[in-house]
Amino acid sequence: MYEAVHAHRDGAGAATLARHALTAAELGYEGLVVRNAPATAQLEAVAARYDVDIASGVEIRTTERSAAAAAISQHRPQQTLVIVRGHSVAMNRFAVEEPRVDVLAHPMRGSGDVNHVLAEAAARNGVRVEFDLGPVMQSRGRQRVQAIGRLQKLHDMITACDAPYVVTAGVESHLDWRSPRDLAGLAVPLDWSPAWIREGLAEWGRLVGRNRRRHAESFIQPGVRIDTHEKDD
């Protein structure tokens with residue numbers, strides 16, 4: 001199983017790439033996706049040191065569709081995963097309608113929401129919708145009830161349309177990490193199955209493998225167009 005994280009260059013209140021990799025190894029994860037990946041050489045060195053797979057990624061954060069489209073064109077050839085942060089219905093719609101996007105992150109935060117139209121677009125274009133369990137673990141009382149309600153609504157939309165998804169603990173610091181078993185345990189308050197949560201954690205790794213194969217094929221056969229609409233294995 002994999003987790004997706006933000007890494008920081010110093011340890012002041014956050015976690016460095018090395019600290020994330022160490023924590024991932026200790027908790028039994030196979031690998032992690034870095035949403036703000038540093039140079040490839042650093043990723044490879046840390047991965048070898050802690051014996052975990054580390055995939056490069058970028059999380060695009062903007063409220064402008066044109067800026068998001070430009071950023072996707074810039075990063076898609078270099079990064080293993082391209083993630084678009086939602087936070088609004090407009091950006092959620094943009095992300096799920098763009099086949100070059102791998103993951104729509106934080107779709108229910110801010111003014112974000114997901115309906116059947118967006119869920120069907122995600123299914124059609126193979127865009128994974130992210131389920132961030134962080135707010136459920138980090139909040140209490142009314143805020144926790146609201147966080148659970150938002151995730152349950154999102155779950156209903158995604159499962160009804162059979163759209164792809166990923167699960168995360170919303171890791172910013174090494175203190176945010178949870179083991180796969182602990183995350184699966186949240187199935188009870190969310191009224192989901194533990195297997196459903198584990199599948200969402202595993203989906204990060206499947207995406208990494210698929211995109212690495214696509215990149216490798218583009219180098220081996222530079223004259224062959226890689227169809228971004230191809231169905232997943």
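Details of the structure are given in the entry above.
Here's what I pulled together on the structure shown here. Quantities reported herein were computed from a predicted structural model and do not represent experimental measurements. (Residues numbered from 1 in each chain as written. Predicted model: local features only at pLDDT ≥ 70, side-chain atom pairs only at ≥ 80, totals over all residues. Heavy atoms only, no water.)

With 5 of 5 residues buried, strand β4 (residues 81–85) lies mostly within the body of the structure. The pairing of strand β3 (residues 53–60) with β4 spans 4 bridges and is classified as parallel. Each bridged residue has a counterpart across the sheet, and for I60 the counterpart in β4 is V84. Read as a crossover between parallel neighbours, the route from β3 over helix α3 (residues 65–75) to β4 is right-handed. In the sheet, β4 pairs with strand β5 (residues 103–105) via 3 bridges, with the strands oriented parallel. Paired with I83 across the strands is V103, a residue of β5. Traced from β4 through helix α4 (residues 89–96) to β5, the parallel crossover comes out right-handed. (Buried < 20%, exposed > 50% of the residue type's maximum accessible area, 1.4 Å probe, protein only. Helix = DSSP H or I, 4+ residues; strand = E, 2+ residues; numbered from the N terminus. Pairing = 2+ DSSP bridges. Right-handed = clockwise from strand over helix to strand, strands pointing away.)

Turning to the packing of α3 against α4, a few remarks are in order. Packing of α3 against α4 leaves a shortest axis separation of 11 Å and a crossing angle of 35°. Crossing handedness for the pair α3 and α4: right-handed. Taking contact as the criterion, the partners of R65, A68, A69 and I72 in α3 are, on α4, A90, M91 and F94. Among the residues forming the contact of α3 with α4, the class breakdown is 6 nonpolar, no polar and 1 charged. (Axes fitted to C-alpha atoms, helices over the stretch in contact; angles between N-to-C directions. Left-handed = near helix turned anticlockwise from the far one by under 90°. Contact = heavy atoms within 4.5 Å. Nonpolar A, V, L, I, M, F, W, Y, C, P; charged D, E, K, R; others polar.)

Let us look at unusual backbone geometry. For D51, which is not a glycine, the phi torsion comes out positive at approximately 55°. Positionally, D51 belongs in the loop between α2 (40–50) and β3. A positive phi angle is found at H106, which is not glycine, with a value near 50°. By secondary structure assignment, the location of H106 is in the loop between β5 and α5 (116–125).

A word on the sheet that holds β4. The sheet built from 7 strands is open, its strands ordered β1-β2-β3-β4-β5-β6-β7 with parallel pairing. In the strand order of this sheet, the two ends are held by β1 (2–5) and β7 (165–168), each with one partner. Mean inter-strand twist for the sheet, computed between neighbouring axes without regard to direction, equals 30°. Looking at chain direction, β1 and strand β2 (residues 31–34) are connected through 4 bridges and run parallel. Of the residues in β2, the one forming a bridge with A4 is V33.

Along the chain, the position of E199 falls in helix α10 (residues 194–220). On a C-alpha basis, the gap between E199 and R9 in space is 31 Å, while along the polypeptide they are 190 residues apart. Polar contacts involving the side chain of E199 include one to the side chain of R206, which spans 3.0 Å. (Polar contact = N/O pair within 3.5 Å; in protein donor to acceptor, adjacent residues only side chain to side chain.)

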